[in-house]
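Examining the three-dimensional arrangement
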Amino acid sequence: MAATFDLDRPLIVGALYSQTGPTAFVERTQYNATLLAIEEVNAAGGVAGREVVPVTYDAHSDPARFSQLAERMIDEDGASLLVGCYMTNTRQAVVPVVERRGALLAYAAPYEGFEYSPNVIYGGAVPSQHIVMLARHLMGAGGKSFYLVGTRYTFPIECNRVMMTLVAERNGQTLAERYVPLDAQRRELDQIVQDIRAKRPDVVFCTVVGEAATVFYELCAEAGVAAHTTIASLTITEAELGLMPPGLAEGHLTAATYFQSVSSAANRRFVRSYQARFGLQERLNAMAETAYSLTHMVLAAAGRARSVEASLLREDLAATPFQAPQGEIRLDAENGHMHLWPRIARVQANDFRIVEESAAPVKPDPYLINHAPPEWDIRPPATARAVGL
Amino acid sequence: MLKALRDIRDVRVVVFHPKDRECDELVAQLRRIGCQVEAIWPPREGLLPLADVVFMLFRQDGFTHVLLKALAERGPDVTLIGIVEFESPAVIEAVARAGVGAIVTKPIRAFGLLTSMVVAQTLSTREKSLLDRIRKLEDKLGGFRRLEKAKSILMTRKGWSEKEAYEAIRSRAMSARVAMDVVCSTIIDAEELTGP
């Protein structure tokens, strides 16, 4: 099924995203970016002449529904490629589906690593591609005591494990590690914020995702946490910022592989096209950029290979870099993840201003367990450069 | 952090499995995990390369037999992980008797290999340290037995009390700067040579 490449028929691409649910506000931008890439491919003549037709349904931020929709897209709609997923549990629900059917999932978000499937292309960053830079940055700026708070699922728990190891390695201290459910209530978050206020950590490392993140930032602002504390995150992107009143996250840091403020010709083009298509007030974020680049890469590879077979696409992509908005990226042949560009940005006037970025793409190492090798140092390595600090 | 997790990238792995796609997949995943991997097929008699972890396909053939013999000689320093393709009682028995720390089922897939390896390494470390303790306890017990025997020889031969026999052995060990156990062994050896 997945191996046929019929030049006379359109190429169906399943876009696996939620239009409702606590993560819909991010997944909507991923969906838009996927759609934009597909439209650009069609405008340039399609995939080996075939028109690309997207199919999508509302996955409700629900893993079971992601799995059912993946089946429906492949079995009933005839999709040979799937792009999407945001939270780890939704990807995990889809992986067995594509493995059984020999199909391909292009996964459009950063995650915690420790996975490999020949039927998945992992488009987002793994911890070795952002947490190390963030920890070094925070501790280099004098951060000693850390307070970790996240949504209770795999990604925050694993990120916190890595962060705690790095903090301990540099003789810092983790004051607390707290988790909340995806649909966390205000009261629950407020207890944590009050605890933060009492403990006065140098750094709050926040991996609260979904709409709860906005509430958490609101409560932090009300409690005046930012007076003593830097709030740092991997998941607060322009999309989360867009849900907050202006000024709420002022001064906060995020580590990611893309910000809308990246200055490259490819990014200016991307932002311009996206806003022209979806509205001038729309903002980009790392997940949307990943979805956009990944869709372009996979479709281009399908055109060159004249196939949608996972192994052929992977082979092609490992040999063919792509000029993404974040910089030139390519697939790692060995582990199926991407070489990406780590960056750190600070929220300023309700936008992300990049304060540090890698001078070269960083090889993905999804199975790295010990992130603090002996040579680990709080000084930025020669490969990183500070930008307008 | 668990030692077996922290040190996973220092682990030397040898894979005994026919060279095919599944073997390639296994080796590739072990490399992703960050181990040093060598795949060997066919296994050569009497030659077991240096390894911390051995993945081995269990079949009812000569290769399996040869490998198990070589591994048994190597002792508990190697963590064995069995790759199984049949669940017949004969295979299960062979796998259990070989003392594997974990099994991997065919068809081999990436998921689960890291967990199997870490669990097997942890079990194997625990077994090694238990064996170590047993050996030390056995040595100690042997020492006690020899002391008792040497004392009773002196008591019979010289008509000493138990305390006098003990003091004699102790002062001899002190003046000769050797362990009391050495003195005891000498006394026992001499008794066996000259005794009734």
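These lines cover the structure that appears in this document, whether it is placed above or below. What you see is a predicted model, and the numbers here were worked out from it, not measured in a lab.

Bringing the overall build of chain A into the picture now. From N to C terminus, chain A includes 11 helices and 16 strands. Across its three principal axes, chain A shows a C-alpha extent of roughly 65 × 45 × 40 Å. Scored against the burial criterion, the 389 residues of chain A give a buried share of 53%. Of all intrachain contacts in chain A linking residues separated by at least 6 positions in sequence, the fraction that spans at least 24 positions is 72%.

What follows deals with the interface of chain A and chain B. Counting residues at the interface gives 9 residues for chain A and 12 residues for chain B. Within the side of chain A that touches chain B, the residues separate by chemical class into 4 nonpolar, 4 polar and 1 charged.

Take unusual backbone geometry next. In this model, B:Trp41 is joined to B:Pro42 through a cis peptide bond whose omega is -5°. In this fold, B:Pro42 is placed in the loop between strand 2 (36–40) and strand 3 (53–57). The omega angle of the peptide bond from B:Lys106 to B:Pro107 is -5°, so this bond is cis rather than trans. For B:Pro107, the position within the fold is in the loop between strand 5 (102–105) and helix 5 (113–158). A positive phi is found at A:Phe114, a non-glycine position, where the angle reads about 65°. Assignment of secondary structure puts A:Phe114 in the loop between strand 4 (104–107) and strand 5 (120–122). Classification of A:Phe114 as partly exposed rests on a count of 18 C-beta atoms within 10 Å. Positive phi, close to 50°, is recorded for A:Ala349, a residue that is not glycine. Examined against the element boundaries, A:Ala349 turns out to sit in the loop between strand 14 (343–348) and strand 15 (351–358).

What follows deals with the packing of helix 5 of chain B against helix 6 (residues 162–176) of chain B. All names here are of chain B. Viewed as axis vectors pointing N to C, helix 5 and helix 6 meet at an angle of 115°, and their least axial separation amounts to 9 Å. By the angle between their axes, helix 5 is roughly perpendicular relative to helix 6. In this structure, helix 5 crosses over helix 6, and the sense of that crossing is right-handed. Of the residues in helix 6, those touching helix 5 at Ala150, Lys151, Leu154 and Met155 are Glu162, Ala165, Tyr166, Ala168 and Ile169.

A rise of 1.5 Å per residue sets the reference length of helix 10 (residues 286–305) of chain A, with its 20 residues, at 28 Å; its end C-alpha atoms lie 28 Å apart and thus fit the reference within 8%. Phi turns positive one or two residues past the end of helix 10 of chain A, at A:Arg306, with a value near 50°.

Cut-offs applied
Residues numbered from 1 in each chain as written. Chains lettered and ligands numbered in written order. Predicted model: local features only at pLDDT ≥ 70, side-chain atom pairs only at ≥ 80, totals over all residues. Helix = DSSP H or I, 4+ residues; strand = E, 2+ residues; numbered from the N terminus. Buried ≥ 20, exposed ≤ 12 C-beta atoms within 10 Å, placed from the backbone. Contact = placed C-beta atoms within 7 Å. Nonpolar A, V, L, I, M, F, W, Y, C, P; charged D, E, K, R; others polar. Axes fitted to C-alpha atoms, helices over the stretch in contact; angles between N-to-C directions. Parallel < 35°, antiparallel > 145°, perpendicular 65-115°, else oblique. Left-handed = near helix turned anticlockwise from the far one by under 90°. Expected span 1.5 Å × (residues − 1).

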